[in-house]
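A structural walkthrough
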Amino acid sequence: MGRILVSAGEASGDLYAAHLVEAVRRRRPDLTFAGCAGPRMRAAGVEAVVDQAQLNVVGLFEVIHHIPRIWGEYRKLVRWARENRPEVAILTDSPDFHLRLAHQLRKLGIPVVYLIAPQAWAWRKGRLPSMRRTIDRLLCIFPFEQDFFTAHGIPAVYIGHPLTRIVH
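Conventions used here
Sequence positions are assigned chain by chain, starting from 1 and proceeding in written order. The model is predicted, so local features are restricted to residues of pLDDT at least 70 and side-chain atom pairs to those at 80 or more, both for listing and for counting; the totals for chains, interfaces and linings are taken over all residues. The side-chain figures draw on all heavy atoms in the structure; neither hydrogens nor water molecules are used. The secondary structure listing takes helices from DSSP runs of H or I that are at least 4 residues long and strands from runs of E that are at least 2 residues long, numbered from the N terminus. Only protein chains enter the area calculation, which uses a 1.4 Å probe; residues under 20% of their type maximum are buried, those over 50% are exposed, and those in between are partly exposed. Where accessible areas are quoted, they stem from the Shrake-Rupley method and a 1.4 Å probe; at the residue level, only the protein chains shown are allowed to cover. Positive charges are assigned to Lys and Arg, negative charges to Asp and Glu, while His and the chain termini are left out of the count. A carboxyl oxygen of Asp or Glu within 4 Å of a side-chain nitrogen of Lys or Arg is what we treat as a salt bridge. Polar contact is the term for a pair of N or O atoms within 3.5 Å; when the atoms are in protein, one must be able to donate a hydrogen and the other to accept it, and sequence-neighboring residues count only if both atoms are side-chain atoms. Helix span, as expected, comes to 1.5 Å for every residue beyond the first. Strand pairing requires that DSSP identify at least two bridges connecting the strands. Lines are fitted to the C-alpha atoms to define the axes, a helix being fitted only along its stretch in contact, and any angle between axes, read from their N-to-C directions, falls within 0 to 180 degrees. In what follows, residue pairs with any heavy atoms lying within 4.5 Å of each other are defined as contacts.

1. Here we look at the overall build of the protein chain
If you tally the helices and strands in the protein chain, you get seven helices and seven strands. N-terminal to C-terminal, the α/β element order of the protein chain is β-α-β-α-β-α-β-α-β-α-β-α-β-α. The 168 residues of the protein chain split such that 46% are buried. Summing over all exposed atoms, the protein chain offers an accessible surface of approximately 8800 Å²; the carbon and sulfur share of this is 57%.

Structural data, given as structure tokens:
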């Protein structure tokens, strides 16, 4: 039985990742999923190693106050990955958190798929080298993102915006 680490740090990521888990599970019911999960991912059968609510912080001063807790949740996910060796990790949103996690997963030899590309094309292009080193496949929701990230050496594929399928 295969195991997949799936992590989302925000409500929208919880929604998108839950839909992805459900789609993958239809094709591969033998897989198990665990990671940083919110209510939708838990409803889709993802074991919550970390409760997504523990990462939800808004505002610079609030983030600073909660760094010890967030750091603890980060270490919990890394420890889980080290002990359970998932076949792949699917990281969604929260690039400040997930790009650091991707770096640790890469060290463990765990392939990383990133769902919903960080908006490096709009701002924080400094993330590109880190993304190039740590992401095995970037799933893009806007058509132009695939060309942008591919031109910067990041394997990317356009999958369309999840909301278009959810609304139907």
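2. Re the side chain of Glu 145
Take Glu 145: it is sitting in helix H6 (residues 143-151). Buried and unpaired, Glu 145 has Arg 127 as its nearest opposite-charge partner, separated by 11 Å. From its side chain, Glu 145 meets the backbone nitrogen of Ile 141 in a polar contact 3.0 Å long.

3. Things to note about helix H4 (residues 95-107)
For H4, which comprises 13 residues, the first-to-last C-alpha distance of 18 Å matches the rise-based estimate of 18 Å (1.5 Å per residue) to within 8%. Residue Gly 109 follows H4 closely and has a positive phi angle near 80°.

4. Some remarks on the environment of Ala 18
Note that Ala 18 resides in helix H1 (residues 11-27). Between the C-alpha atoms of Ala 18 and Gly 45, which are 27 residues apart in sequence, the distance is 8.6 Å.

5. Regarding the sheet that holds strand E7 (residues 156-158)
Spatially, seven strands are ordered E3-E2-E1-E4-E5-E6-E7 in an open sheet, and the strand pairing comes out parallel. Of all strands in the sheet, those bounded by a partner on one side alone are strand E3 (47-51) and E7. Neighbour-to-neighbour, the strand axes of this sheet turn through a mean angle of 20°, independent of strand direction. Here five bridges tie strand E1 (residues 3-8) to strand E2 (residues 32-37), and the two strands are oriented parallel to one another. In the strand pairing of E2, Ile 4 is matched with Phe 33. H4 rests against E1, strand E4 (88-92) and strand E5 (112-115) of the sheet, and its axis sits at about 165° to E4. On the sheet, H6 packs against strand E6 (137-140) and E7 and is oriented at approximately 165° with respect to E7.

Note that every value here comes from positions in space, so none of it alone points to a role or purpose.
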